[in-house]
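These are the residues of each chain, in order.
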Amino acid sequence: MDFVALPKIELHAHLTGSISRQTLHEIWLTKSASGSTALQDPLLVIPEGKHDFNLETGSFFPLFSKYIYALLTDEPSLRRATTSVLQSFLQDGVVYLELRTTPRSTPHLSAERYISIIVDTISAFEAANPELHTRLILSIDRRHDFEKASSVLSLALSSFNNNNNNNNNNNNNHTSSSSSPSPSSPSPSESRSESPIIVGLDLCGDPTALPNGQISLFTPLFQKARAAGLGITVHFAETPSSASPAELRTLLSWRPHRLGHVIWEDEESKQEIARRKDQVCLELCLSCNVWAGMVTGGFEGHHFGGWRAVEGVKVTLGTDDVGIFGSPLSNEYRLVAQHFHLDKSQICALARESIDHIFGGEQEKERLRRIMWT
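Residues numbered from 1 in each chain as written. Predicted model: local features only at pLDDT ≥ 70, side-chain atom pairs only at ≥ 80, totals over all residues. Heavy atoms only, no water.

Section: the sheet that holds strand β2 (residues 94-101)
- The eight strands lie next to each other as β1-β2-β3-β4-β5-β6-β7-β8, forming an open sheet whose pairing is parallel. Since the sheet does not close on itself, it has two edges, and those belong to β1 (8-14) and β8 (314-317), each with one partner. Along the sheet, successive strands turn relative to each other by an average axial angle of 25°, direction set aside.
- Examined bridge by bridge, strand β7 (residues 281-284) and β8 share four bridges and lie parallel to one another. Paired with Glu 283 across the strands is Thr 316, a residue of β8.
- Its contacts with the sheet put helix α15 (residues 362-371) on β1, β2 and β3 (133-141), and the angle it makes with β2 is roughly 140°. (Pairing = 2+ DSSP bridges. Helix = DSSP H or I, 4+ residues; strand = E, 2+ residues; numbered from the N terminus. Axes fitted to C-alpha atoms, helices over the stretch in contact; angles between N-to-C directions. Contact = heavy atoms within 4.5 Å.)

Listed below in structure tokens is the structure:
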């Protein structure tokens, strides 16, 4: 089966973790030539072929905090990196993408400007490559205090509400007009005016931060986001420290649409998630979990198999950080076909299973139903 040609939906991809080593190297070359960085060459820090950056040993998160973030400090580097990520997903046969990122201020950019550059780059890329539609999820980091987390929500709501107001004004103008649409005008499903670029809120970051249900600090923020119509996705049970029943109860009180990773759940938690199978989709990332030492038993022992056996539970495959773990979405589908013995019809059904769980709106879902294989 041609897994690249298979039209795919990617719902769990971190922007900065999806940048290829070659792109990071090229950004480093530019900065190094101008004397604006003292960092090592990315090809030395993240050498080709090395993917075993482990969460437990502490080799994973410093790649971002001490290195990748320090390269993406200005507009040219951020635009270049974002465009490269979008191009890679497009070439891998992804037709709908939800990237997620944490707003960051840098020596050259405010957090607001950081996000506006990404949004503008996504818009420009989609205009030139309409076969890939991309939306953005803003992430609250578990290490944030309440004030910082509130600023992330404010950014998301500002974009989301502005777009909704513009849509309402456009709808009123269309209603009052007696003219017919031009034959060359895009159909509703081809137009991006239905939804904003920023469509959701995420909880991510070092799973050892705020253990034992302390994430309740963020409850008012996620409740406000949900009430405003933003999609809610949260990382749960990446490690045992973030897998307590108390933490799951807190997360589920936010009424999330999707749960990411869901590795170390106990039987009580697994039953609780299964009871909500009509409300929550699971974002599962095989290569990330195996290479980062988050699961035992290799690919055959990955919990994808266990969750697929629970009737009615919906699963979407994601790459998480393809720039670090080196497995594009097409390879994730190849891996589940190989290790869990899925045939072509089952793979196509799995790919289409994601449609109802995107944050991009009903018209986008209709577009995907038309173009994704059966």
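Focus: the environment of Ala 38
- Along the chain, Ala 38 turns up in the loop between α1 (21-34) and α2 (42-45).
- Placed 106 residues apart in sequence, Ala 38 and His 144 show a C-alpha to C-alpha distance of 28 Å.

As for the confidence of the model for the chain
- On average, residues of the chain score 90 in pLDDT, and 91% of them reach the 70 mark or higher.
- In the predicted structure, residues 174-193 sits below a pLDDT of 50 and forms twelve contacts with residues beyond four places in sequence or in another chain. (pLDDT = per-residue confidence, 0-100.)

Here's the deal with the side chain of Ser 269
- Locating Ser 269 in the fold gives a position in helix α9 (residues 267-275).
- Owing to a relative accessible area of 2%, Ser 269 belongs among the buried residues under this scheme.
- Not counting residues within four places of it along the chain, the set of residues in contact with Ser 269 comprises Pro 245 and Leu 248. (Buried < 20%, exposed > 50% of the residue type's maximum accessible area, 1.4 Å probe, protein only.)

Side note on the nonpolar core
- Counting residues in each nonpolar core, the largest one holds 106 residues, and the members touching the most others are Phe 218, Leu 282 and Phe 304.
- Considering every element that reaches this core, the biggest residue donor is helix α6 (residues 146-176), with seven residues.
- Setting aside anything within four residues of it in sequence, one finds Phe 218 in contact with Ile 140, Asp 141, Arg 142, His 144, Asp 145, Ala 149, Leu 203, Leu 210 and Trp 254. (Core = buried A, V, L, I, M, F, W, Y, C linked by side-chain atoms within 4.5 Å.)

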